[in-house]
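Structural characterization, general
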2 protein chains.
Amino acid sequence: MTTAPDLDARDLHGSLQDPVLGSIGFLNEVMSRHPDAISFAPGAPHPEFVRHLDTRALTDRFLTHLVADRGLDPARAERLLYEYGPAQGLINDLVAGALRADQGIRADARAVVITVGAQEAMLLTLRALFREAGDVLAVADPCFVGIVGAARLLDIPVVAVHEGDNGLDIDDLSARCREAHAAGRRVRACYVAPDFSNPGGVRMPLDLRRRLLDLAAREDLLLIEDNAYGFTAPEDDTLPGLKALDTGRRVIHLGTFAKVGFPGARVGYAVADQRVRHAGGERLLAEELADLKTMVTVNTSPLSQAVVGGLLLDHGRSLTALARRKADRYRRNLACLADALERHLADAPAGVTWNRPAGGFFVRVNLPVRADAALLEVSARDYGVLWTPMSQFFLTGRGDRQIRLSCSYLEPDRIETGVRRLATFLRKETGT
Amino acid sequence: MTTAPDLDARDLHGSLQDPVLGSIGFLNEVMSRHPDAISFAPGAPHPEFVRHLDTRALTDRFLTHLVADRGLDPARAERLLYEYGPAQGLINDLVAGALRADQGIRADARAVVITVGAQEAMLLTLRALFREAGDVLAVADPCFVGIVGAARLLDIPVVAVHEGDNGLDIDDLSARCREAHAAGRRVRACYVAPDFSNPGGVRMPLDLRRRLLDLAAREDLLLIEDNAYGFTAPEDDTLPGLKALDTGRRVIHLGTFAKVGFPGARVGYAVADQRVRHAGGERLLAEELADLKTMVTVNTSPLSQAVVGGLLLDHGRSLTALARRKADRYRRNLACLADALERHLADAPAGVTWNRPAGGFFVRVNLPVRADAALLEVSARDYGVLWTPMSQFFLTGRGDRQIRLSCSYLEPDRIETGVRRLATFLRKETGT
């Protein structure tokens, strides 16, 4: 046996050197070394939503639906669980129906592709849309690492668009489009999470959503809308998503059951109703995504799709109904975090400020000092509290004095204790 | 609403224009138009293996293992099913143990990554290994469409290596390596299925396996071994796989539970024990694959992994034991197909010949005429029998007079009837 390494990292794909791919591992590693620290790092589901799931009953509920509503004979329906299945999915009609009823998205089942979480939907969407080396992807800055990572995997260049308190800065996106044109390139698509972005936590007002759609039409770009956190909006204060406002088929809408259902299902979806001209006729972009999917995962596990289908059927075919208890819990947790920050950071050092999102899982805190791995180590070791450096979400250097606090999976008393520890840490380590 | 298409196929990624991505859809479409035809097209599992699976009992079996063998408390074990999980997988130890016991593959759990079927393992492996535009992937010709499709998705150039009756032609691979060098490129890796390749059905003899490993060392290339059909080898006539023979860590071994378990699980794996040198130390290639996986599917559904884990535990942690009944069935079906061909094609037109593989799902038949979509249509419509044109598996034009017959999912009487129809078709339509 040779003892020399077999390969050199520099001879593997460049994405493997990108910090976005290692970011989750980094946080897990810090957490594992400090098991007693209260961690505001992961956007994990609350424990009450990841136990006592009767997957057998949910599966049976879905099988009953296949027999009663789709006219399959019972043996054929059960075989669907175990065989290969259509690349485009098994529960497309349920998802399309729920999106229509809950969110006013007018797309039929053919325009939906069921994916292994929203992550695969991102990869497929980027792969389909990006052909030329001159095409760039615009993303909010800061941005969810999953979209940046998928772009890196496919060697798609990414350009950062400023995200302010009202979400994506549309003038800045417009400037990026002009810059790209001037350089002989084009902004092919823009990734945006208008409802409580991760990690920004911001929500775009209605007029800016309309302006963004106008810009997309004017600049001939597509919008990739990620709606992972939309369900956390207060029920009396929801805004129509980009796809619901989209009359020109400019928007590809991505969703996931990881938050409204459970992450282990690994089921997400893309709504892609764009019509694609072929020599032989016309198809929908969702069908193209399904073709690509045959070369990524073949099809999404029908076992998982059946469980998710059962969840939808058990909740009147409504995502809103399915999400209701979770939305309540996450809003309470966020209010609890905001309240604790108000009380414990009243006498925080100068330069410590934070935002107050109306939904989502995350609060951002600005610090007067650099929030880097060394500071995180001090916070974990000496104060027993963990957070995520915002720098890992920024493409530009602008986030190096910010941290992200996630409160989704913690009980209120842990949030309270964690914020108290954080306040002590901030006073002692970041004051002047 | 505009009625013009929104996008042009030529402005989407080039892989979508490649026939490999449409090949499965094409066959499904022909089958759906001829529901009464006997189809030798799909390599689907036999119906007896896709019914009456007690997924709840299998899951409970796996949970018991987590508690008894890994010391998790029961609540924590159950939460693992529903939460996000490690990108590298949950059942790595079971898979590594089975591969060691059954196939003599010496790799520990850290060298294994659990994937959404072998397809995702292919995509991840290619993504990790292919960095430079000058690197090419060598594949057997004919070849499984999944590896070619994954390469197309990543814009990786593919070079065809002749596959003869003894599998991959090693002299031809050597010539392709020289050609690449001469053109300032390199063959970075070679995809090979040494045990009953799909669609070729051939098996490489032991001495050629050793020669292939020697060549890989000499030319500094990696071998991507696909072992989807190895389990169908006669039990008294198995050969060690490339990974079992691999003393220099030249082989990345890919496997799937789609055949030995069931396709709907969507669980496969890669064994990648190559050591990768980093500035900060050393990692295993499997860990790099897991990092890439966070940007493709995040992690493989723990629900599916639990079911597959339960299947392994229920069969003494042995893939061979798990596969035994299936291997018996598929060998019987293949013998039945070979026997029917002998009897019904005794007076076949000149130029009709076929191979007699000792395992796998597939027999190839050479025709005296072009086996194209038009001929398939005649066969389906007028004779009630379907097959796969081999041309869709070839990168070169060499397969245009071959068809592939799959017998995995048919009952013996259907095989018999199908071959009789095929014989009539061949006599009437391909004779001179």
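Use the structure listed above.
Keep in mind the model is a prediction, meaning the values are calculated, not measured. (Residues numbered from 1 in each chain as written. Chains lettered and ligands numbered in written order. Predicted model: local features only at pLDDT ≥ 70, side-chain atom pairs only at ≥ 80, totals over all residues. Heavy atoms only, no water.)

1. Focus on the overall build of chain A
Put simply, the test is: Segments assigned H or I by DSSP are reported as helices when at least four residues long, segments assigned E as strands when at least two residues long, and all are numbered from the N terminus. For the radius of gyration, the atom set is restricted to C-alpha positions; the globular benchmark scales as 2.2 Å times the number of residues to the power 0.38. Only protein chains enter the calculation, and the probe is 1.4 Å; a residue is then buried if its accessible area is under 20% of its type maximum, exposed if over 50%, and partly exposed in between. We call two residues contacting when some pair of their heavy atoms lies within 4.5 Å. We get accessible surface area from the Shrake-Rupley algorithm with a probe of 1.4 Å; when it comes to residues, only the shown protein chains can shield them. When charges are counted, Lys and Arg are positive and Asp and Glu negative, with His and the chain ends excluded. One atom stands in for each charge, and that atom is NZ of Lys, CZ of Arg, CG of Asp or CD of Glu.
Along its length, chain A carries 15 helices and 17 strands. At 22 Å, chain A has a C-alpha radius of gyration in line with the 22 Å of a compact globule built from 432 residues. For chain A, the C-alpha atoms occupy an extent of roughly 70 × 65 × 55 Å along the three principal directions. Residues counted as buried form 63% of the 432 residues belonging to chain A. Considering only residue pairs separated by 6 or more positions, chain A has 73% of its internal contacts joining residues 24 or more positions apart. For chain A, the accessible area works out to roughly 15,300 Å², and carbon and sulfur atoms hold 50% of it. Taken as two groups, the 53 positive and 56 negative side-chain charges of chain A have centres that lie 1 Å from each other.

2. Topic: the environment of Ala189 of chain B
Inspection of the secondary structure assignment puts Ala189 of chain B in strand S7 (residues 186-192). In this structure, the C-alpha to C-alpha distance between Ala189 of chain B and Ser39 of chain B, residues 150 residues apart in sequence, is 35 Å.

3. Focus on the relation of the copies chain B and chain A
Each of the two chain copies goes to the other by way of a rotation about an axis and a shift along it. Counted only if it meets this: Only residues with pLDDT of at least 70 in both copies count here: their C-alpha atoms drive the least-squares fit that superposes the copies.
Note on the identical chains: chain B maps onto chain A by a rotation of 180° and an axial translation of 0.0 Å, with an RMSD of 0.0 Å. Accordingly, the operation relating the two chain copies is best matched by a two-fold axis. Comparing interface residues between copies, 100% of those in chain B also sit at the interface in chain A, which points to an isologous, same-surface contact.

4. Looking at the packing of aromatic side chains
As a reminder of what qualifies: Working definition: a ring pair exists when centres of Phe, Tyr or Trp rings (six-membered ring for Trp) sit within 6.5 Å. Plane angles under 30 degrees give stacked, over 60 give edge-to-face, the rest tilted.
Counted according to the given criterion, the structure contains 20 aromatic pairs over all chains. With a centroid separation of 4.5 Å and 45° between ring planes, the pair formed by Tyr330 of chain A and Phe361 of chain A is classed as tilted. Pair noted here: Tyr330 of chain A is in helix H13 (residues 319-344) and Phe361 of chain A is in the loop between strand S13 (353-354) and strand S14 (362-366), with a separation of 31 residues, a long-range link. Judged by relative accessible area, Tyr330 of chain A falls into the buried class, the value being 2%. Residue Phe361 of chain A is classed as buried on the basis of its relative accessible area of 1%. Residues Tyr383 of chain B and Phe425 of chain B carry aromatic rings whose centres are separated by 5.5 Å and whose planes lie at 65° to one another, so their mutual orientation is edge-to-face. Placement of Tyr383 of chain B in helix H14 (residues 373-383) and of Phe425 of chain B in helix H15 (residues 412-430) is noted, with a sequence separation of 42 residues between them. Assessed through its relative accessible area of 16%, Tyr383 of chain B is described here as buried. Following the ring pairs from residue to residue traces out a cluster consisting of Phe49, Tyr229, Phe231, Tyr330, Phe361 and Phe362 of chain A.

5. As for the interface of chain B and chain A
Put simply, the rule reads: The term buried area refers to how much accessible surface (probe radius 1.4 Å) is lost by two components on association, counted for both of them together. The rule for a salt bridge is simple: a side-chain nitrogen of Lys or Arg has to be within 4 Å of a carboxyl oxygen of Asp or Glu.
Each side of the interface is counted separately: chain B has 82 residues, and chain A has 82 residues. Both faces considered, chain B and chain A share a buried interface measuring about 7,200 Å² in area, 59% of it formed by carbon and sulfur atoms. Scanning the region where chain B abuts chain A turns up 10 salt bridges. With its nearest N and O atoms 2.7 Å apart, the salt bridge here joins Arg249 of chain A to Asp6 of chain B.

6. What to know about the sheet that holds strand S14 (residues 362-366) of chain B
All names here are of chain B. Just so we agree on the cut-off: By the convention used here, strands pair only if DSSP detects at least 2 bridges between them. As a rule, the C-alpha atoms of each element are fitted with a line to give its axis, helices using only the stretch in contact, and angles between N-to-C directions run from 0 to 180 degrees.
Taken in spatial order, the four strands line up as S13-S14-S17-S16 in an open sheet, and their pairing is antiparallel. Every interior strand has two partners, whereas the edge strands, strand S13 (353-354) and strand S16 (388-389), have only one. On the sheet, helix H13 (residues 319-344) packs against S13, S14 and strand S17 (402-406) and is oriented at approximately 20° with respect to S14.

7. Overview of unusual backbone geometry
At the junction of Asp141 of chain A and Pro142 of chain A, the peptide bond is cis and its omega measures out at 15° in the coordinates. Relative to the elements of secondary structure, Pro142 of chain A occurs in the loop between strand S4 (135-141) and helix H6 (145-153). Its identity is not glycine, yet Asp155 of chain A carries a phi of approximately 55°, on the positive side. Looking at the element boundaries, Asp155 of chain A is found in the loop between H6 and strand S5 (158-164). The exposure class assigned to Asp155 of chain A is exposed, which follows from its relative accessible area of 53%. In this structure, Val298 of chain B takes a positive phi of about 70° despite not being glycine. Mapping Val298 of chain B onto the fold places it in the loop between helix H11 (285-293) and helix H12 (302-314).

8. Describing helix H7 (residues 170-182) of chain B
All names here are of chain B. How we decide: Multiplying 1.5 Å by the helix residue count minus one yields the expected span of that helix. We define a polar contact as two N or O atoms separated by no more than 3.5 Å, with the added condition that, inside protein, one atom must be a possible hydrogen donor and the other a possible acceptor, whereas residues neighbouring each other in sequence contribute only through side-chain atom pairs.
With 13 residues, H7 should reach 18 Å at 1.5 Å per residue; the first-to-last C-alpha distance of 18 Å fits that figure. Turning to H7, its buried residues are Ile170, Asp172, Leu173, Ser174, Ala175, Arg176, Cys177 and Ala180. Lining the buried residues of H7 we find strand S4 (135-141), strand S5 (158-164), strand S6 (167-168), S7 and helix H8 (206-219). Where H7 begins, one side-chain oxygen reaches toward the backbone nitrogen of Asp171, 3.0 Å away; that side chain belongs to Asp169. A positive backbone phi angle near 75° is found at Gly184, which sits one or two residues after H7.

9. Quick look at the packing of helix H2 (residues 55-70) of chain B against H12 of chain B
Residues and elements named next belong to chain B. Our working definition: Working rule for angles: under 35 degrees goes down as roughly parallel, over 145 as roughly antiparallel, 65 to 115 as roughly perpendicular, anything else as oblique. Residue polarity is assigned by list, with Asp, Glu, Lys and Arg as charged and Ala, Val, Leu, Ile, Met, Phe, Trp, Tyr, Cys and Pro as nonpolar; anything else, Gly included, falls into the polar class.
At a closest axis distance of 7 Å, the pairing of H2 and H12 adopts a crossing angle of 80°. The pairing of H2 with H12 is recorded here as roughly perpendicular in orientation. Where H2 abuts H12, its residues Thr55, Leu58, Thr59, Arg61, Phe62 and His65 lie against Ala306, Val307, Gly309, Gly310, Leu311, Leu313 and Asp314. Partitioned by chemical class, the residues of the contact of H2 with H12 number six nonpolar, five polar and two charged.

10. Observations concerning the sheet that holds S4 of chain B
Residues and elements named next belong to chain B. Read from one edge to the other, the open sheet built from eight strands follows the order S3-S10-S9-S8-S7-S4-S5-S6, with strand pairing classed as mixed. Sheet topology places strand S3 (112-115) and S6 at the edges, where each strand pairs with a single neighbour. Bridge count between strand S8 (residues 222-226) and strand S9 (residues 251-256): four bridges; the pairing is parallel. Looking at S9, one finds that Leu223 is bridged to Val251.

11. A short note on the pairing of strand S7 (residues 186-192) of chain A
All names here are of chain A. How we decide: Assignment of crossover handedness uses the view with strands pointing away from the viewer, where a clockwise path from the first strand over the helix to the second indicates a right-handed crossover.
Across the seven residues of S7, six count as buried, placing the element largely inside the fold. Judged from the five bridges that link them, S4 and S7 form a sheet pairing that is parallel. Within S7, the residue paired with Asp135 across the bridge is Arg186. Tracing the backbone out of S7, into helix H8 (residues 206-219) and back to the parallel element strand S8 (residues 222-226) gives a crossover that is right-handed.

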